[in-house]
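# Descriptive structure summary
Listed below are the residues making up each chain.
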Amino acid sequence: MKRLLVLALVVVFGALLLAGAMFPGRPGGFNAVLTGDATIRVHQWLDATFTPGEADILDYGPLAELVLGSLAIDSNAPVNIAISANWNGLAGWVSVGGYYPVGTFGDGTYPVKALNLNVNKDTPAASYTVRVTITITPTVVF
Amino acid sequence: MRKILLVLLICSVGVLMMAGAAYTGNFNANLQGDSQVRVHQWLDVVLVERTNLVNIFNYETDYIQSPITNNEMAFIFVYESNAAVNLTVEYSLNPATDLLDVKWSLWRRIGFNWIRHYPALPNWANSGETTQLPHSLALGTEHWLGLSMKFNASKDLPAGTYKITYTLTFTPTVIF
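A few words now on the nonpolar core. Ranked by internal contacts, the top residues of the largest apolar core, which has 31 residues, are L68(A), I134(A) and V37(B). Listed by contribution, the elements that provide at least two residues to this core are β1 (46–52), β2 (54–57), β3 (61–75), β4 (79–86), β5 (94–100), β7 (108–119) and β8 (126–138) of chain A together with β2 (29–39) of chain B. Of all the elements, β8(A) adds the most residues to this core, at five residues. Ignoring anything within four residues of it in the chain, the contact list for L68(A) reads P52(A), G53(A), A55(A), A85(A), V112(A), K113(A), A114(A), V130(A), V132(A) and S35(B). V85(B), L133(B), L145(B) and L147(B) belong to the second largest nonpolar core, which has 15 residues in total.

In space, the five strands of this open sheet follow the order β2(A)-β2(B)-β8(A)-β4(A)-β6(A), with mixed pairing throughout. Every other strand in the sheet has two partners, leaving β2 and β6 (103–105) of chain A as the edge strands with one partner each. On average, each strand axis in the sheet is tilted by 35 degrees relative to the strand beside it, whichever way the strands run. Inspection of the sheet shows β2(A) paired to β2(B) by four bridges, in the parallel sense.

This part takes up the environment of T173(B). Position of T173(B) relative to the elements: it lies in the segment after β11 (163–172). Classification of T173(B) by C-beta neighbours within 10 Å gives partly exposed; the count is 14.

To continue, consider the pairing of strand β10 (residues 144–153) of chain B. All names here are of chain B. Bridge analysis of strand β4 (residues 63–65) against β10 gives three bridges, and the strand direction is antiparallel. The partner of I64 across the bridge, within β10, is K150. Across four bridges, the pairing between strand β5 (residues 75–81) and β10 is antiparallel. If you follow F77 over to β10, its bridge partner there is L145. Pairing of strand β7 (residues 100–110) with β10, which is carried by ten bridges, proceeds in the antiparallel orientation.

This part covers the confidence of the model for chain A. Atom-level detail of predicted coordinates should not be read off regions where pLDDT is low. Residues and elements named next belong to chain A. A residue-level look at chain A finds 80% of positions with pLDDT of 70 or above and a mean pLDDT of 83. Mean pLDDT per element in chain A: helix α1 (residues 2–17) is the minimum at 48, and β2 is the maximum at 96. For the stretch residues 9–20, pLDDT sits under 50, and the model shows zero contacts to residues farther than four places along the chain or on other chains.

Model confidence for chain B is summarised by a mean pLDDT of 84, while 85% of its residues fall at 70 or above. Every residue in residues 5–20 of chain B is under pLDDT 50, and counting partners more than four places away or in other chains gives zero contacts.

What counts, and at which threshold
- Residues numbered from 1 in each chain as written.
- Chains lettered and ligands numbered in written order.
- Predicted model: local features only at pLDDT ≥ 70, side-chain atom pairs only at ≥ 80, totals over all residues.
- Core = buried A, V, L, I, M, F, W, Y, C linked by C-beta atoms within 7 Å.
- Buried ≥ 20, exposed ≤ 12 C-beta atoms within 10 Å, placed from the backbone.
- Helix = DSSP H or I, 4+ residues; strand = E, 2+ residues; numbered from the N terminus.
- Contact = placed C-beta atoms within 7 Å.
- Pairing = 2+ DSSP bridges.
- Axes fitted to C-alpha atoms, helices over the stretch in contact; angles between N-to-C directions.
- pLDDT = per-residue confidence, 0-100.

Structure, rendered in structure tokens:
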């Protein structure tokens, strides 16, 4: 008797649980539509390569730009780029007004430049190693 | 089984190849590299003074343009460079003759004093010889140089007018 009671209870609860998904309709079938929203976040990815290069300073005085290398960007959204450089032995002999590219950039290969240099007349002739650091951050963040 | 192994290997190699350059979501990519900047040697030379006339009155006698004998130089020039500079002095006579001996020496002016730079006293240099000028910074604020000439005629040198053509060639010591 107890077993029958338990069985009966299970059947009743089962029917209640399924109520939302059951569509008793006209005999012969039903036309059921369920709608819902799902969010898919496609994050920004990036393939980037910095290729340092060689540059020549041929004379003292103002120098509009000096190409220090090239940067290749391949991403599924624009990226923010910031650049800094350690001029090592050249520091103190060269003043620099800015770098390029700085800002937001899409896919492509860009020259990495130091802009508006002023080369001191007393800069000893030599080869200098300039360390370039490029920080790239996404524009699409969740 | 071999095919599965091959696919796994290709996947592994592919991941390794992209490891240095690929960034997934929420990246903060830092790229760093060393660029080589070559500062070439530059040179400023300004001719300050030049004497155009030398009189030779007697044979086997030294006629010298120098700051010590007559405070005169064949050339006085100012130079600045960011490294040592090689200077080659050459000259030729017209009409050409072996009967007029011509020598040169180079002087540096420090403050108000002229000091023999090349060759060491009492020597004189011949056409085609090269000396090295120091980095202009090493000379302080005054970078004046004077080219001194010495003429000595043989007894058989025909009287007349001779033209001497000078060539001062500056070459860098720092070359890439």
